[in-house]
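Okay, here's what each chain looks like letter by letter:
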Amino acid sequence: MKERLKTVLKRLLPYGEDLMEQTVKSGVWVGVMNVTERGLELSLLVIVASLLSPRAFGIMGIALLTLASLKNFSELGIQAALIQAEEDDVDHELNTAWTMETARGIVIGSVLFLGAPFIASLFTEPAAENVVRVIAFSPVIVGLRNPAVVYFHKSLDFHKEFVYRVSGASAYFLVTVGWALFDPSVYALIFGYLAGDLTRFVVSYLAHDFRPWPEFDLNLAKQRLGFGKWITANSILYFLYSKGDDAFVGWALMASALGFYQLAYRLSNAPATEITHTISSVTFSAYSKVQSNVEKLRAGYLQTLRMTTLLSFPAAIGIVAVAPAFIRAFFTPAWQPMVQVMQLLALYGLMRSMGATMGPVWKAIGRPDYITKLSALRVVLLAILIYPATMRYGIEGTAGLILGVYIFPMMPIDIYLIARSVQTSPLRILREVSYPLLASVGMGAVVMYVDWNLDLGAPVAEFLLLVVVGAVAYAAFATVLMFSFDWKVKQNLESMVEAIA
C-alpha cells in the first residue's frame, strides 16, 4: 500500500531535471493547500462569528498576540538556514535543530503560563488570564514536532506539506465549530487552536521516518545561527510592524475593538496571506538553487511577480468592492464597524502580496539584511505615527496608517532594491504590475456600480452575484490587456499548463 501511494505521488509530482517545472508543480500543490486551508478558516470565522461576540475574538487575539511576540522575539532562523543550505541532506543537523527548538518551546510556554496574570492586567482584560495559560501549551507542542518537516520545503515535497498543514486546519475547524455549538465562548477558539497543533505534531512523524534525539553540536549551531541571525532580527521587526498595530489597538482601545480589527485583517488579507505563503514556500527553495545565476533568477522573479499579481490584485480590489455586501450577507449587525477597516486592509494586502515576491530573492542570494533594514525603517515610521492616527480615527486610522506607510516610502524602496538584485530596471517591475492593476480597478468599478444599483432583498444572493460579476469582468479586462499589449502572463499560463500536464 505504501509503495502504491509513493507511485501515485510520483506521477502527480515527478521530480525532473527542470527546476522551473518542479517549482510550478510544487506551486500548484501549495496553492491547492493554501486555498483549502484558508477556505476552512474563512468558513470557521463566518460560522463562529455568528455564535461568539467581538469581545471573545478580542480575548483570543490577546493570547495569540502574546504568543506571537514571544515566538518572533526568540526566532532562531534555523529552518530558513537549513533550506538555504546548498547541500540536500541535512539529517546530521536535525537533532541539534530539534533540541534547540524544543528548549525554545518550553521556555516560551513557561513564560506564558507564569506571566498570564501580568498579560491580562496589561490589556485590562481579566478573562485573558486563563486563555493565555491554556495557549502556553502550543509552543511546547510545536517545538517537539519532527524537525524533518524542513524537507517539505527544502526538497519541494509539498504533497507532504499539504497533508501536514491541511490536517491541522481541519482539526482546528472541527473542534472550534463543534465546541462553539456546545459552548459559545472564547474556549472554542483556544481548544480548536491547540487541536490543530496536536494534529500537525502527529502528522509530522507520520510523514517522515526521521526520529529526533536530544543532541547539541555547538559548531553546527553557530554555523546556522550565523545565517539565522538576520532571520531572527527580521522576525522581531516583522512582529513589530505586523502585530504592533494589534498590540496598540488592544492596549489603547478595548478587547472588542481588537476583535473587529483582527477579524477584518484576517478576512481582507486572506487571499494575500495565502498567496504570500505560496510564494515564500516555493520560490525561496527554488531561488536558493539558482542563486548564482542572475539570468535565471531574474526570469524566475519576473514570472513569479506576473503570476502573483494576476491573482492577488483582483482578489484585493474585489474585497474592497464586495466588503459591504459580504458583511450584510454573513454577519450580524454587530460586525458592521468592520467594513471600512476591511477595505483599507484589503488594499494593504494588495501591496503586501507584491512585496512578498521580493523577500525570497533576498534570502536566497544571502541578503536577508535587506529585509531587516527595511523592516526597521517601517517600524520606526509606524511607532511615530500610530498613536495620533489611532486615537483620532480609531481602528480606521490604524488601518489607514498601515496602508499609507507601505505605499510610501516602503514600496518605492522595495522596487529599487529588487530591481538591483535581479539586474533589471524599476520601470520593468512597474510595467509588470500595471496590467493586473488596470484590469482589477476596472473590475472593481463594475462591481461597485452593480452593487449600488442592486436590490434583490436577499443579501447572500446579492453577494454571490457580485462575485460572479467580478470574476467575469476581471477575465474580460485581463483578456483584452493580454492580447493588446506585451503582458506575458499568457505564455506563463501556457507553460504552467504544459508543466502540470
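Just so it is clear, the model here is predicted, and its values are computed rather than measured.

A. Summary view of the overall build of the protein. Counting its regular elements, the protein contains 21 helices and zero strands. Per-residue burial over the protein gives 55% buried out of 501 residues. Sequence-distant contacts, at least 24 apart, represent 82% of the contacts inside the protein between residues at least 6 apart. When the accessible surface of the protein is split by element, carbon and sulfur atoms take 67% of a total near 22,000 Å².

B. How the structure looks around the packing of aromatic side chains. Overall, the coordinates contain 21 aromatic pairs when judged by the stated rule. Arranged with centres 5.7 Å apart and planes meeting at 65°, the rings of Tyr348 and Tyr406 form a pair that is edge-to-face. Here Tyr348 is found in helix 16 (residues 338-355), whereas its partner Tyr406 is found in helix 18 (residues 368-421), with 58 residues between them in sequence. By relative accessible area, Tyr406 is classed as buried at 6%.

C. View of the packing of helix 15 (residues 294-330) against helix 16. For the pair helix 15 and helix 16, the least separation of the axes is 9 Å and the interaxial angle reads 180°. Our classification of the angle between helix 15 and helix 16 gives roughly antiparallel. Taking contact as the criterion, the partners of Leu305, Thr308, Ser312, Phe313, Ala316, Ile317, Ile319, Val320, Ala323, Pro324, Phe326 and Ile327 in helix 15 are, on helix 16, Met338, Val339, Met342, Gln343, Ala346, Leu347, Leu350, Ser353 and Met354. Residues of the contact of helix 15 with helix 16, tallied by class, amount to 17 nonpolar, four polar and no charged.

D. Seen up close, the nonpolar core. By size, the foremost hydrophobic cluster in this structure holds 139 residues, and its most contacted members are Tyr301 and Phe331. For this core, the element with the highest residue contribution is helix 18, accounting for 20 residues. Among all residues touching Phe331, those that are not within four sequence positions of it are Leu45, Val46, Ala49, Leu263, Leu267, Phe326 and Met338.

E. Local environment of the environment of Glu215. Tracing the backbone shows Glu215 in the loop between helix 10 (186-207) and helix 11 (218-242). Between the C-alpha atoms of Glu215 and Asn95, which are 120 residues apart in sequence, the distance is 5.5 Å. At 3.4 Å, the side chain of Glu215 and the side chain of Asn95 are in polar contact.

F. Summary view of helix 15. Of all the bends in helix 15, the greatest, near 60°, is centred on Val322, and the proline Pro324 appears no more than four residues after it. When you tally the buried positions in helix 15, you get 27 out of 37 residues, the bulk of the element. The residue sitting at the N-terminus of helix 15 and contributing the capping side-chain oxygen is Asn293; that oxygen lies 3.2 Å from the backbone nitrogen of Glu295.

G. Region of the structure containing the environment of Gln336. With respect to the helices and strands, the residue Gln336 is situated in the loop between helix 15 and helix 16. Note on Gln336: relative accessible area 40%, which makes it partly exposed. In the structure, Gln336 is positioned 76 residues away from Phe260 in sequence and 9.2 Å away in space, judged by C-alpha atoms.

H. The arrangement of the environment of Trp213 in detail. Checked against the element boundaries, Trp213 lands in the loop between helix 10 and helix 11. When its relative accessible area of 62% is taken as the criterion, Trp213 is described as exposed. Put simply, Trp213 and Asn95 are 118 residues apart on the chain and 5.7 Å apart in space, counted from C-alpha to C-alpha. When near neighbours in sequence (up to four residues on either side) are disregarded, Trp213 contacts Asn95, Trp98 and Thr99.

I. Structural context of a nonpolar patch on the surface. On the surface, Leu253, Met254, Tyr387 and Met391 cluster together into a nonpolar patch covering about 400 Å² of accessible area. If you trace the backbone, Met391 turns up in helix 18. A relative accessible area of 43% means that Met391 is categorised as partly exposed.

Cut-offs applied
- Residues numbered from 1 in each chain as written.
- Predicted model: local features only at pLDDT ≥ 70, side-chain atom pairs only at ≥ 80, totals over all residues.
- Heavy atoms only, no water.
- Helix = DSSP H or I, 4+ residues; strand = E, 2+ residues; numbered from the N terminus.
- Buried < 20%, exposed > 50% of the residue type's maximum accessible area, 1.4 Å probe, protein only.
- Contact = heavy atoms within 4.5 Å.
- Areas by Shrake-Rupley, 256 points an atom, 1.4 Å probe, with all protein chains shown as cover.
- Phe/Tyr/Trp six-rings, centres within 6.5 Å; stacked < 30°, edge-to-face > 60°.
- Axes fitted to C-alpha atoms, helices over the stretch in contact; angles between N-to-C directions.
- Parallel < 35°, antiparallel > 145°, perpendicular 65-115°, else oblique.
- Nonpolar A, V, L, I, M, F, W, Y, C, P; charged D, E, K, R; others polar.
- Core = buried A, V, L, I, M, F, W, Y, C linked by side-chain atoms within 4.5 Å.
- Polar contact = N/O pair within 3.5 Å; in protein donor to acceptor, adjacent residues only side chain to side chain.
- Bend = angle between axes of the 7 residues up to and from the residue.
- Patch = residues over 30% accessible without salt bridge, like charges linked within 9 Å, V, L, I, M, F, W, Y side chains within 5 Å.
- Salt bridge = Lys/Arg side-chain N within 4 Å of Asp/Glu carboxyl O.

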